[in-house]
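# Observations on the three-dimensional arrangement
Spelled out, the chains give:
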Amino acid sequence: MKRFFIGSLAVVGGLSIFFFGGLIVLLILGASSKPGVPEQVVLELELDERLVEYVPEDSLASAFGSEQLTVRDVVDALEKAGGDERVKGLVVKVNGPPGSTAVVQELRDAVKAFRATGKKAVAYADTFGETGNAMGGYYLASAFDEVYVQPSGELSITGLALETPFARDALAKLGVKPRMSKRHEYKAAVNTYLEQTYTEPHREETERFLTSLFGQMVKGVAEGRGLSEEQVKAAVDAAPLQGSEALEAKLVDGLLYRDEVYAKVKEAAGEGAHLLYLEKYLERAGRPNQGGLTTPTVALIYGAGEIARGQSRANPMSGDVTVGSDTVAAAFRKAVEDSRVKAIVFRVDSPGGSYVASDTVRREVQRAREKGKPVIVTMGTYAASGGYFVAMDADKIVAQPGTLTGSIGVYNGKMVTAEFWEKLGVNWEALGVGKNATMYSSDAEFTPEQHAKNEASLDRVYADFTARAATGRKMPLEKMQEVAKGRVWTGEDAKERGLVDELGGFPMALKLAKEAAKLEGPVRVEVFPRKKGAAEVLSSMMGEKQGENSEDEAAGVRMTAPWQPVLEQTRALYRLGTQLGVVGEERRQVLSAPVPDTTW
């Protein structure tokens, strides 16, 4: 029976692998030529989910031309459409916020630039927050010429809130002891484990962050709707508002159903106007700033995701992307070596990660500048801790007012879980050769000497971080130490304190890059590392090396094949079956021993 069970699961795994292989074949066969853009078109965008910052150029979807919509996609499409006579207008259905406050601000800037060309933009929602807060979605909508909501809808613009879990007492009950330290008092990431409520510094920075974001939103809504900030604040305090109340407060322009809104948009665009999804338009019309190969090039390099050593990785199942220091560093080197590249725009959207990996990337930013290639950083949702570390040596830093910025600090330590396992009747025993071989083992407390070593490491990293940040930002060290302390700032507050140079997004960064490189006229924006073709992506997913050397190989994203988790599970089942004696050949082993997993 066990043999049948194990064998059946292995067959299921094999069939799953076959399914994924067939899916890839269908994707290849489905690739076809693209139709053109109609002579009269209204662009349509449905914001059903959060926009991603970056889809790896080596992703399988990217190789076949179909990929998840990104922030830059929307910004580029609206910039292209603004100068396209075929495009008569824009209609966006806002089902929820497309991302963080910084992402919303990036889109608001793009919508306002589109409107500045004389074209009309209309936002519509069946409701702004039927069961929750819709402040972000409405904040975006307020940048449009007109805003409509369904008669049965409402405006739940109730403000901003943030909930932080504190689990110190729960961990104590479980027998888990956090042994973690930080630099300095505002570095709040570990407070979830060390505290049971907000510390004063943690409360101070969080309240200031929320207050700054709220002020930005109120100001934006007031400007967009032609109201005073006091009127907007009063509406927020009175929310949730019924549709009729929102109309009376001049927060919306009408109570209309979808068919009525779209009929109105088509009528304004003129007879014969067609609707076309914004992503389809971008696919057919192409991006702006895509001149010929002889046009001066500005390299665009992404640092989106948690920062880690090694090659960047993307998991097609989860959608998670890791910023690999080797990949980003190689992309910088490729851009520096390319004679066509006159400047580099570095898009950072990261909460941080490895100190060593962050320093690897920072070094390449520094080297690019030394080689005469200006580097302009544009920040997305956040550039915190390691995310700020990789940015601080750039010529200029651009952030949105709502970008979570700074967190110049460090934390480290471990969880001691011996008592937890003891409660479950499990006894872990660590054996090691070397005085500190088990220093970071979860079975035992730090010795006084080990604790001192960990604290010294934190001091060294923090001193290095603040000193390099001060040098990069051309700021006295004493001043940098005042704004550091592990504290997070909004981009707006960070600019006031010298951590950021300008407020804006992609367009601002490109403008500064052209100025720094003394470029006039059109430029070509090219993503580094280059986009791989379908055959290269499939080969790399099979484990085949594509580069001529480590430089080529590093400048890419390592993809986890969709079938890899299934293959690993199938192998694990086979190994289990072998151990149970129900799969494989029966062998008598006399001089044999299992190989233990060793940590070093």
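The sections below set out a description of the structure shown in this document. (Residues numbered from 1 in each chain as written. Predicted model: local features only at pLDDT ≥ 70, side-chain atom pairs only at ≥ 80, totals over all residues. Heavy atoms only, no water.)

### Let's talk about the overall build of the protein chain
Helix and strand counts for the protein chain come out as 23 helices and 22 strands. Expressed as a percentage of the 600 residues in the protein chain, the buried residues total 48%. For the protein chain, long-range pairs separated by at least 24 residues make up 77% of all intrachain contacts whose partners lie at least 6 apart in sequence. Within the structure as shown, the protein chain displays about 29900 Å² of accessible surface, and the carbon and sulfur contribution to it stands at 52%. (Helix = DSSP H or I, 4+ residues; strand = E, 2+ residues; numbered from the N terminus. Buried < 20%, exposed > 50% of the residue type's maximum accessible area, 1.4 Å probe, protein only. Contact = heavy atoms within 4.5 Å. Areas by Shrake-Rupley, 256 points an atom, 1.4 Å probe, with all protein chains shown as cover.)

### Considerations on a nonpolar patch on the surface
A contiguous nonpolar patch, built from L424, V426 and W428 and spanning about 310 Å² of accessible area, is present on the exposed surface. Within the fold, V426 resides in the loop between α16 (418–423) and α17 (448–472). (Patch = residues over 30% accessible without salt bridge, like charges linked within 9 Å, V, L, I, M, F, W, Y side chains within 5 Å. Salt bridge = Lys/Arg side-chain N within 4 Å of Asp/Glu carboxyl O.)

### Side note on the pattern of salt bridges
Inspection of the entire model under this criterion finds 32 salt bridges. One salt bridge in this structure joins D84 and R86, with 2.9 Å as the shortest N-O distance. With relative accessibility at 10%, the residue D84 sits in the buried group. Residue classification places R86 among the partly exposed positions, given a relative accessible area of 26%. E526 is the partner of R524 in a salt bridge, and the nearest nitrogen-oxygen pair spans 3.5 Å. Residue R524 is classed as buried on the basis of its relative accessible area, which comes to 18%. One network of salt bridges, with partners in common, ties together R72, D73, D76 and R287.

### Side note on the pairing of strand β2 (residues 87–94)
A large share of β2 lies buried, amounting to seven of its eight residues. Bridge analysis of strand β1 (residues 41–47) against β2 gives seven bridges, and the strand direction is parallel. Residue pairing across strands places E46 opposite K93, the latter belonging to β2. Of the strand pairs in this sheet, β2 and strand β3 (residues 120–125) are connected by five bridges, and their pairing is parallel. Paired with L90 across the two strands is A121, which belongs to β3. Remark: the β2/helix α4 (residues 101–115)/β3 crossover connection has right-handed handedness. (Pairing = 2+ DSSP bridges. Right-handed = clockwise from strand over helix to strand, strands pointing away.)

### Considering the packing of helix α3 (residues 71–82) against α4
Interaxial distance between α3 and α4 falls to 9 Å at its minimum, and their mutual angle equals 5°. Classified by the interaxial angle, the pair formed by α3 and α4 is roughly parallel. Between α3, through V71, V74, V75, L78, A81 and G82, and α4, the contact on the second element is made entirely by V103, E106, L107, A110, V111 and F114. (Axes fitted to C-alpha atoms, helices over the stretch in contact; angles between N-to-C directions. Parallel < 35°, antiparallel > 145°, perpendicular 65-115°, else oblique.)

### Some points on the pairing of strand β13 (residues 321–324)
In the sheet, strand β11 (residues 306–308) pairs with β13 via three bridges, with the strands oriented parallel. In the sheet register, E306 faces β13, and the bridge partner there is T322. Strand direction decides the pairing type here: strand β12 (residues 312–314) and β13, joined by two bridges, are antiparallel. Of the residues in β13, the one forming a bridge with R313 is T322.

### Observations concerning the nonpolar core
The biggest cluster of nonpolar side chains holds 56 residues, and the ones touching the most others in it are L90, F128, L155 and L251. Counting residues in hydrophobic clusters, the runner-up holds 46 residues, among them A299, V336, I397 and L499. (Core = buried A, V, L, I, M, F, W, Y, C linked by side-chain atoms within 4.5 Å.)

### What about unusual backbone geometry?
A cis geometry characterises the amide bond from A239 onward to P240, with omega recorded as 5°. Note that P240 resides in the loop between α9 (229–238) and β7 (241–242). For the bond running from F528 to P529, omega is 0°, close enough to zero to count as cis.

### Brief notes about the packing of helix α13 (residues 325–337) against helix α14 (residues 355–370)
Axis separation between α13 and α14 bottoms out at 9 Å; the angle between their running directions is 5°. Comparing their axes, α14 and α13 come out roughly parallel. From α13, S325, V328, A329, F332, R333 and V336 reach across to α14, where they touch A357, T360, V361, E364, V365, R367 and A368. Among the residues making up the contact of α13 with α14, the classes are represented as eight nonpolar, two polar and three charged. (Nonpolar A, V, L, I, M, F, W, Y, C, P; charged D, E, K, R; others polar.)

### Re the environment of P288
Turning to its location among the elements, P288 is positioned in the loop between α12 (278–285) and β10 (297–304). Sequence separation between P288 and P522 is 234 residues; the distance between their C-alpha atoms is 9.5 Å. When sequence neighbours within four positions are dropped, the list of residues in contact with P288 reads D76, E79 and K80.

### Some remarks on helix α11 (residues 258–269)
End to end, α11 covers 17 Å across 12 residues, agreeing with the expected 16 Å (1.5 Å per residue, within 8%). Buried within α11 we find V261, Y262, V265 and A269. Taken around the axis of α11, the buried residues stretch over an arc of 90°, which confines them to a single face. What points out from α11, more than 90 degrees from its buried face, is the exposed set D259 and E267. Where α11 is buried, its residues contact β1, β2, β3, β4 (146–149) and β9 (274–277). Just beyond α11, the residue with positive phi is G270, at close to 110°. (Expected span 1.5 Å × (residues − 1). Arc of directions from axis to C-beta.)

### Comments concerning a negative patch on the surface
The grouping of E46, D48, E49 and E279 at the surface amounts to a negative patch. Along the chain, the position of E49 falls in the loop between β1 and α2 (60–63). (Lys, Arg positive; Asp, Glu negative; His and termini not counted. Charge placed at Lys NZ, Arg CZ, Asp CG, Glu CD.)

### Looking at the packing of aromatic side chains
Within the structure shown, the criterion is met by nine aromatic pairs. Residues F332 and F346 carry aromatic rings whose centres are separated by 5.1 Å and whose planes lie at 90° to one another, so their mutual orientation is edge-to-face. With F332 in helix α13 and F346 in strand β14 (residues 341–350), the pair connects residues that are 14 residues apart, well separated along the chain. Three or more aromatic residues link up through ring pairs in this structure, and these residues are Y355, F389 and F465. Taking the ring centre of Y262 as reference, the NZ or CZ of R258 above it sits at 3.9 Å. Over the aromatic face of Y186 sits the side chain of R487, whose NZ or CZ is 5.0 Å from the ring centroid. (Phe/Tyr/Trp six-rings, centres within 6.5 Å; stacked < 30°, edge-to-face > 60°. Lys NZ or Arg CZ within 6 Å of the ring centre and 35° of its normal.)

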